[in-house]
Amino acid sequence: MIPAQSAPLADLDFPTVEEVAAAVYEINTDRPEADGTLAWSKTTLITARVTAGGAAGLGYTYASGACKPLIEGELAGAVAGQSVLDTGAAWQAMVRAVRNLGRPGLVSCAISAVDTALWDLKARLLDLPLSGLLGQVRKAVPVYGSGGFTTYDEPVARAQLERWTSDMKIPRVKIKIGESWGTAERRDLARIAFARSVIGPDAELYVDANGGYTRKQAIRMARAMAEHGVTWFEEPVTSDDLDGLREVRDQVDPDVTAGEYGYDLPYFSRMVDANAVDCLQVDVTRCGGITEWLRAAAVAAAKGLEVSGHCAPNLHAHVAAATPNLRHLEYFHDHVRIETMLFDGALDPAGGALHPDPTRPGHGLTLKDTTAARFRTA
């Protein structure tokens, strides 16, 4: 920890990055899972650990193990010797180093993990919670329960919905629809009706089609689900179709949302400029880390839009607490299960919000090395 001094920060002798290491973990799902356009049976977590001045910062992404050689190769080389104070310079060095590799996709996921680790390290050396370092604007960060996979039968779906709304008192939940690329409309509508019957009339009900519908199909489905009070329609069509998102947005009552596949600032700028969404989703594990999250949120704010954090709720909590135009975070079943199991410092969503711990420096998460070792593959 840097000792308290009266000299300006710029005059202090801050340590420089000494080492960057990565690890890959694969965790099986607790049961088969699928959304409208994809099925999966495991989740891959890649951690980045950055050390300097006797401290270590932790970042991670949910992606592919192919991120590990990127983190320990090009990205480690780019940030080596950088002052831990200069997170912006380190981020810029990483982006420049990957010019010939292609920024969107796995490269951006790898950058996200290292950038988050650098911010965590900086906060830990200053003995500050990350939300305080970033400039906290709220103590409580609203969340919504997210899961409701198309593979769930009614007993499993009921148990999950009741746990969120009754046990945790989360007043907003989301289920997956668009099953089999939009070819199971009747089951989609039946599952929406079932979800509403379980959560009652007061909780907010969200749906996510993962791009499974066509434009007019999505509009028809929005009208058919209107009786169930759905207020959030995520990716009614593919997020690559900005004109389609805008067309749906213009003709339906629920808020139309997308953005989880944003890997750089131009992506978010195009989506906002196209008037394609009512709320912009941003994922700190994909977008380029905390550095780029803040800029994406500013792009949304300039157009009067709120942002919502996609997945990885515990990693989003501090930057979300420092984002003025935040709506909420996704309390996603798979990532909650992993983060609770593998990290000390995972936050409790009781009452429908996460409260970043001001007594823990950085983002407050520490990897349980012994537990995690069982799942490590590289």
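Rules and cut-offs
Residues numbered from 1 in each chain as written. Predicted model: local features only at pLDDT ≥ 70, side-chain atom pairs only at ≥ 80, totals over all residues. Heavy atoms only, no water. Helix = DSSP H or I, 4+ residues; strand = E, 2+ residues; numbered from the N terminus. Rg over C-alpha atoms; globule rule 2.2 N^0.38 Å. Buried < 20%, exposed > 50% of the residue type's maximum accessible area, 1.4 Å probe, protein only. Contact = heavy atoms within 4.5 Å. Areas by Shrake-Rupley, 256 points an atom, 1.4 Å probe, with all protein chains shown as cover. Lys, Arg positive; Asp, Glu negative; His and termini not counted. Charge placed at Lys NZ, Arg CZ, Asp CG, Glu CD. Pairing = 2+ DSSP bridges. Axes fitted to C-alpha atoms, helices over the stretch in contact; angles between N-to-C directions.

**Q** Outline the overall build of the protein, listing residues and values.
**A** Summing up its helical and strand segments, the protein has 14 helices and 14 strands in all. Taken over C-alpha atoms, the radius of gyration comes to 20 Å for the protein, in line with the 21 Å a tight globule of 378 residues would show. Dimensions of the protein, computed from the C-alpha atoms along their principal axes, are close to 65 × 40 × 40 Å. For the protein, the proportion of its 378 residues judged to be buried stands at 59%. For the protein, the share of sequence-separated contacts (at least 6 apart) that also reach a separation of at least 24 residues comes to 70%. When the accessible area of the protein is evaluated, it comes to approximately 14800 Å², of which 49% is carbon and sulfur surface. Both charge centroids of the protein, one from 37 positive and one from 48 negative side chains, sit 2 Å from each other.

**Q** Residue-level account of helix 13 (residues 333–342), with values.
**A** Along helix 13, 7 of the 10 residues are buried, which leaves the element largely enclosed by surrounding structure. Those residues of helix 13 that sit buried are His-333, Asp-334, His-335, Val-336, Ile-338, Glu-339 and Leu-342.

**Q** Explain the sheet that holds strand 1 (residues 19–34) to me, and be specific about the residues and the numbers.
**A** Whether parallel or antiparallel, the strands of a sheet pair through hydrogen bonds between backbone atoms. Pairing is antiparallel across the open sheet formed by 3 strands, whose spatial order is 1-2-3. Pairing within the sheet leaves two strands with one partner each, and these edge strands are strand 1 and strand 3 (55–62). Ignoring which end each strand starts from, the neighbouring axes of this sheet average 20° apart. Of the strand pairs in this sheet, strand 1 and strand 2 (residues 39–52) are connected by 12 bridges, and their pairing is antiparallel. Bridging across to strand 2, Glu-33 finds its partner in Trp-40. Sitting on the sheet, helix 3 (residues 106–125) is in contact with strand 1, strand 2 and strand 3, with an inclination near 150° to strand 3.

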